[in-house]
Amino acid sequence: MLTGSALWYLSRATGVVSIVLLTIVVVMGVITAGRRRPQGSSATVAMGVHRWLSLGMLVFLAAHIVTAIIDGYVSISWWAILVPFISDYEPLLVGFGAIGIDLLIVVVLTSYLRHRIPERLWRGVHWASYGMWVVAIVHGFMFGTTDQPVLRLVTLACGVIGGLFASWRVAVSFGDRERRSQISVQEWS
Amino acid sequence: MTDIVELLQTAGLTGRGGAAFSSAIKVKAARENKARLIVNACDGEVGAAKDAWVVEHHLPELLEGVELVTGGRRNAKTLFAAHRDSKTARRFADAGLRVLETPERYVSSEETSLISLAHGGQARPMAKRAPFVFGGRDSQGKRIRPTVVLNAETLLRVSQINRYGADWFRSFGTTAEPGPRLVAVGGHVERRGVYEAEAGLRLTSVLAMAGGLAPDIEYVGVGGMGGVLLTAEEVRSATWDGPGMKRFGGSMGPGLITVWNPRDCPVEVATRMIAFGAGESAGQCGPCMFGLPALSRDWIAFSENSNRETHWHLVRRLGQFSGGRGACGHPEGVVRFAQSALRVLGAELAKHADNSCTKAGGRSYAKLA
């Protein structure tokens, strides 16, 4: 049986690993979505890492949640995993985590059903990944205890790297959008 | 009534809109899926005229073909597609038919564009994951009901095969490409018009119906903007059939031949064709909306200043499209034309670049005028 402090450390560790893996998954997704001509083995690698690492991350995330609750040092109910802002302990910050979990569930489910649902539904839901990543970063950063600066720095680095890739995504799709809107105002019906 | 699908199979009718796909297979699928029929009479290709001709002279037979394909199904709601405000659209309307008015532009006349338009969408091509005769979804996930698009001439041939039989049909053309087929001959000829031809004729015999190839003719386009350019010498030795046209990278396509005016600078004409093709992109796929304008720029750069570098840029650009880029055939068509123009116009391009071209639209012509 793990002692209380071991569970606490395990929860912290799996949390920070989850955020790192999640950031890698998001970055791979951003690269795949942003490149105009994804081709060659690098595209396959980016897509493969995106798909499989996202599932790998779930293991760490599950461990993070379970250890945080059964640790019992702070009071978090099982319902608080899914329903935001009902936790006794830090309702706001745990709530961000819960929002992230909710979004993650729909993103994963729609991705499994991708070939059975309209593409635009999958795509629309997949946009929620950005929101999920942001709340996860906020959740991780705000929980980073002051005596553990490394945890905070890792989360901060994830935030910066993810932010840079997201800006790159906006920049490259600008040309696309501009040309598309130029053409779509022409007579087409 | 003998089964029309079997009859079409025996006759070997293929689509006359350009793709030359087996009409029997298409009609069979359309019947099995109770697909809605859209008659394509848009004449979408540059220089096309035969759809309008069929509607003007053979509307009753065309409607008979429609009946045969839809199996006389009540509530078939067949649509008749023609460019907005065209004579053909008016003829359809006057006959009390349901007209699908299409914007007068190149890619809007393509079959999936018509299907999209018929579903209340824009007349822009859709990606075909499976033929829309089975129904499906557009790229946005909107449901598309089973729909089949047949060219106006194809339906005319369906009714003729039903009336006169497969043997009659096979008495025209070659074994591989049987049947009579219309050709629109335009450009610098005595009698522009639509003529009954068949595969296996000499290309000069087809042109002879329009008054023949004048001795000063230098270039002849086959298939319009998505087709190829031939020299007059090549035309004199070519046969009008699939293999004969494939020698030059082309096909019989939607059945049209354009004789280029020898007084016009062919480089300028080709430049305008390529620029037109680039401007007709529906803005949906990268290779089309960015690649074609880039191709147009590279073509102009090479035609104005031909050196190793501009030539290399153009050839590399053309190579980027290999393997059929984009979801529809539009980029491929423009590139096919540009490639054939580059092959055929070598000497003209050199003259054009060093300003010694004196033809109308040529570079020094512009200075003199």
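Residues numbered from 1 in each chain as written. Chains lettered and ligands numbered in written order. Predicted model: local features only at pLDDT ≥ 70, side-chain atom pairs only at ≥ 80, totals over all residues.

Draft legend 1. Structural context of the interface of chain B and chain A. Each side of the interface is counted separately: chain B has 16 residues, and chain A has 13 residues. It is helix 12 (residues 286-304) of chain B that contributes the most residues to the side of chain B that touches chain A, 3 residues altogether. The residue inventory of the side of chain B that touches chain A, partitioned by class, reads 6 nonpolar, 8 polar and 2 charged. (Contact = placed C-beta atoms within 7 Å. Helix = DSSP H or I, 4+ residues; strand = E, 2+ residues; numbered from the N terminus. Nonpolar A, V, L, I, M, F, W, Y, C, P; charged D, E, K, R; others polar.)

Draft legend 2. Looking closely at helix 3 (residues 91-112) of chain A. Residues and elements named next belong to chain A. A rise of 1.5 Å per residue sets the reference length of helix 3, with its 22 residues, at 32 Å; its end C-alpha atoms lie 31 Å apart and thus fit the reference within 8%. The set of residues buried in helix 3 consists of Val94, Phe96, Gly97, Ala98, Ile99, Gly100, Ile101, Leu103 and Leu104. In this structure, the buried residues of helix 3 make contact with helix 4 (119-143). (Expected span 1.5 Å × (residues − 1). Buried ≥ 20, exposed ≤ 12 C-beta atoms within 10 Å, placed from the backbone.)

Draft legend 3. Inspection of the nonpolar core at higher detail. In this structure, Ile38(B), Val39(B), Phe80(B) and Ala81(B) are the most contacted members of the largest nonpolar core, which totals 107 residues. Residue contributions to this core peak at 9 residues, all from helix 3 (residues 50-70) of chain B. When sequence neighbours within four positions are dropped, the list of residues in contact with Val39(B) reads Val66(B), Thr78(B), Phe80(B), Ala81(B), Leu150(B), Ala152(B) and Leu155(B). Within the second largest apolar cluster, 26 residues are counted, among which are Val16(A), Val30(A), Met57(A) and Val94(A). (Core = buried A, V, L, I, M, F, W, Y, C linked by C-beta atoms within 7 Å.)

Draft legend 4. Geometry of unusual backbone geometry. Residues and elements named next belong to chain A. A positive phi angle, close to 45 degrees, is found at Glu90, a residue other than glycine. Along the polypeptide, Glu90 turns up in the loop between helix 2 (40-71) and helix 3. Given 15 C-beta atoms within a 10 Å radius, Glu90 is considered partly exposed.

Draft legend 5. Representation of the sheet that holds strand 2 (residues 79-83) of chain B. Residues and elements named next belong to chain B. Taken in spatial order, the 4 strands line up as 3-2-1-6 in an open sheet, and their pairing is parallel. Both outer strands of the open sheet, strand 3 (99-102) and strand 6 (147-151), are each paired with one neighbouring strand and no more. Put simply, the sheet's adjacent strands are angled 25 degrees from each other on average, direction ignored. Pairing analysis gives 5 bridges linking strand 1 (residues 36-40) to strand 6, with the strands arranged parallel. Pairing of Ile38 across the sheet is with Val149, part of strand 6. Docked against the sheet, helix 4 (residues 87-94) engages strand 2 and strand 3, running at close to 150 degrees with respect to strand 2. (Pairing = 2+ DSSP bridges. Axes fitted to C-alpha atoms, helices over the stretch in contact; angles between N-to-C directions.)

Draft legend 6. Seen up close, the environment of His115(A). Relative to the helices and strands, His115(A) is located in the loop between helix 3 and helix 4. C-alpha separation for the pair His115(A) and Arg179(A), spaced 64 residues apart in sequence, amounts to 29 Å.

Draft legend 7. A look at the domain arrangement of chain B. Residues and elements named next belong to chain B. By the assigned domains, chain B splits into domain 1 (4-166), domain 2 (172-259) and domain 3 (266-368). On a C-alpha basis, the centroid separation for the pair domain 2 and domain 3 is 23 Å. With 11 residues of domain 2 in contact, the opposing surface of domain 3 contributes 12 residues. Tallying contributions element by element places strand 11 (residues 228-231) first for the side of domain 2 that touches domain 3, with 4 residues. In terms of residue class, the side of domain 2 that touches domain 3 is built from 6 nonpolar, 4 polar and 1 charged. (Domains from an automatic or database assignment.)

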